[in-house]
Amino acid sequence: MLELYHHGSSVCAAKVRMYMHEKDLDWDGHYIDILKGDQFDPEYLKLNPKAVVPTLIHDGEVICDSTVICEYIEDVFSDHPLRPTDALEHARVLYWTKAVDEELHPACGFVTFLCSHRHIVLRLGEEGVQKFLDSTPALSVTANWHETKKSIVKSGFEVTGAAEKVKLYDLYLHKMEDVLVDRKWLAGENFPFADIALSPYVNRLDMMALSGMWEKGRLPRVTDWFSRIKSRPSFKPSFLDWCPEDLTNDLRNFGTQSWPEVAQILDIKH
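Now for a look at the structure at hand. (Residues numbered from 1 in each chain as written. Predicted model: local features only at pLDDT ≥ 70, side-chain atom pairs only at ≥ 80, totals over all residues. Heavy atoms only, no water.)

## Re the overall build of the protein chain
Counting its regular elements, the protein chain contains 11 helices and four strands. For the protein chain, with 270 residues in total, the buried portion stands at 53%. Approximately 12,500 Å² of the protein chain is accessible, and the part contributed by carbon and sulfur atoms is 51%. Charged side chains in the protein chain number 30 positive and 42 negative. The centres of these two groups are separated by 5 Å. (Helix = DSSP H or I, 4+ residues; strand = E, 2+ residues; numbered from the N terminus. Buried < 20%, exposed > 50% of the residue type's maximum accessible area, 1.4 Å probe, protein only. Areas by Shrake-Rupley, 256 points an atom, 1.4 Å probe, with all protein chains shown as cover. Lys, Arg positive; Asp, Glu negative; His and termini not counted. Charge placed at Lys NZ, Arg CZ, Asp CG, Glu CD.)

## Details of the pattern of salt bridges
When their charged atoms lie close together, side chains carrying opposite charge are able to pair. For the structure shown, the criterion picks out 12 salt bridges. For Glu22, the salt bridge goes to Arg232, with nearest N and O atoms at 2.9 Å. Taken as a pair, Glu22 in helix 1 (residues 11–22) and Arg232 in the loop between helix 9 (220–230) and helix 10 (235–240) lie far apart in primary sequence, 210 residues in all. Residue Arg221 pairs with Glu177 through a salt bridge whose shortest N-O separation is 3.1 Å. You can see Arg221 sitting in helix 9 and its partner Glu177 sitting in helix 7 (residues 162–179), a full 44 residues away along the chain. Taken together, the shared-partner salt bridges in this structure form one network comprising Glu71, Asp75 and Arg83. (Salt bridge = Lys/Arg side-chain N within 4 Å of Asp/Glu carboxyl O.)

## Overview of the pairing of strand 1 (residues 2–6)
In terms of residue burial, strand 1 counts as a mostly covered element, since four of its five residues are buried. As judged from the four bridges shared by strand 1 and strand 3 (residues 55–58), these two strands associate in the antiparallel manner. Among the inter-strand pairings, Leu2 is bridged to a residue of strand 3, identified as His58. As judged from the four bridges shared by strand 1 and strand 2 (residues 28–31), these two strands associate in the parallel manner. Its bridge partner being in strand 2, Glu3 is matched across the sheet by Asp28. In this view, the connection linking strand 1 to its parallel neighbour strand 2 by way of helix 1 has right-handed handedness. (Pairing = 2+ DSSP bridges. Right-handed = clockwise from strand over helix to strand, strands pointing away.)

## Section: the packing of helix 5 (residues 125–135) against helix 6 (residues 145–155)
Between helix 5 and helix 6, whose axes approach to 8 Å, the crossing angle comes to 150 degrees. Relative to helix 6, the element helix 5 is oriented roughly antiparallel. Residue-level contacts link Val129, Phe132, Leu133 and Asp134 of helix 5 to His146, Lys149, Lys150 and Val153 of helix 6. Its residues placed into classes, the contact of helix 5 with helix 6 shows four nonpolar, one polar and three charged. (Axes fitted to C-alpha atoms, helices over the stretch in contact; angles between N-to-C directions. Parallel < 35°, antiparallel > 145°, perpendicular 65-115°, else oblique. Contact = heavy atoms within 4.5 Å. Nonpolar A, V, L, I, M, F, W, Y, C, P; charged D, E, K, R; others polar.)

## So, helix 11 (residues 245–266)
Across its 22 residues, helix 11 extends 30 Å between first and last C-alpha, which sits within 8% of the 32 Å expected from 1.5 Å per residue. Maximal helix bending in helix 11 amounts to about 45 degrees, located at Ser258; proline Pro260 follows within four positions. For helix 11, the set of buried residues is Leu247, Asp250, Leu251, Phe254, Gly255, Ser258, Trp259, Val262, Ala263 and Leu266. Trailing helix 11 by a residue or two, Asp267 shows a phi angle of about 60 degrees, which is positive. (Expected span 1.5 Å × (residues − 1). Bend = angle between axes of the 7 residues up to and from the residue.)

## Notes on the side chain of His6
For His6, the position within the fold is in strand 1. Judged by its relative accessible area of 0%, His6 falls in the buried class. Among the polar contacts made by the side chain of His6, one reaches the side chain of Arg17 at a distance of 2.9 Å. Setting aside its immediate chain neighbours within four residues, His6 contacts Ala13, Arg17, Trp27, Gly29, His30, Tyr31, Ile32, Val53 and Trp242. (Polar contact = N/O pair within 3.5 Å; in protein donor to acceptor, adjacent residues only side chain to side chain.)

## Quick word on the pairing of strand 4 (residues 61–64)
By the bridge criterion, four bridges tie strand 3 to strand 4 in an arrangement that is antiparallel. Residue pairing across strands places His58 opposite Glu61, the latter belonging to strand 4. Between strand 3 and strand 4, which pair antiparallel and follow one another directly, the connecting turn spans two residues, one of which, Asp59, has a positive phi of 50 degrees.

So, in structure tokens, the structure goes:
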């Protein structure tokens, strides 16, 4: 039996949901509202000391970190393989999953709070905001996420590193554009884990109305790639259906407000 602790807007949880959907696996969900602080509940912290989602429980065993969870699922459930057997394609997959974990995911956390989540957290009121920020473990999304999140919520686009994180995100969109010149998917002609790993991060920008980072001819191959992603049967139930309507609206509305500043950083005419 597979149990997944997850949240509607979490990119990592969405990645695991898509992976399990593509593998045609059944699972039971436990919804953790990370914007209200459910992840800081002592019982959940016993499962995931980083206070993040997702967390998978399989036959009583706890597995954390989305890439590890997907690799575990691939090893345990052999039907509908998503990991290439060709050594070169597998190496390409590892390049992307490593890049996501080390660089793109921290950038996504930063940009998401910068463009949207800081506004949602501020609704908690002064006392609630302080409690939320103080509850973040010292080691979470990044080694300094505790202090970084405080700075983002307090300073918005004036926070140190804002432009660099937006540009890093944009860099990976350009890397995708470059490799898609001569292949259908990121690691080759077959749909592998690499594309599942990147999909939530492009979708996050799309949900925050930041698709101008690739649309209108700026990155046409990424535009086509994302259209193919959205056409897969796994996309809607994995990425959209679990995100509550109010959160979907917040992501879009706050992201729309932030777009002029993002466009200015990237020198995109809007």
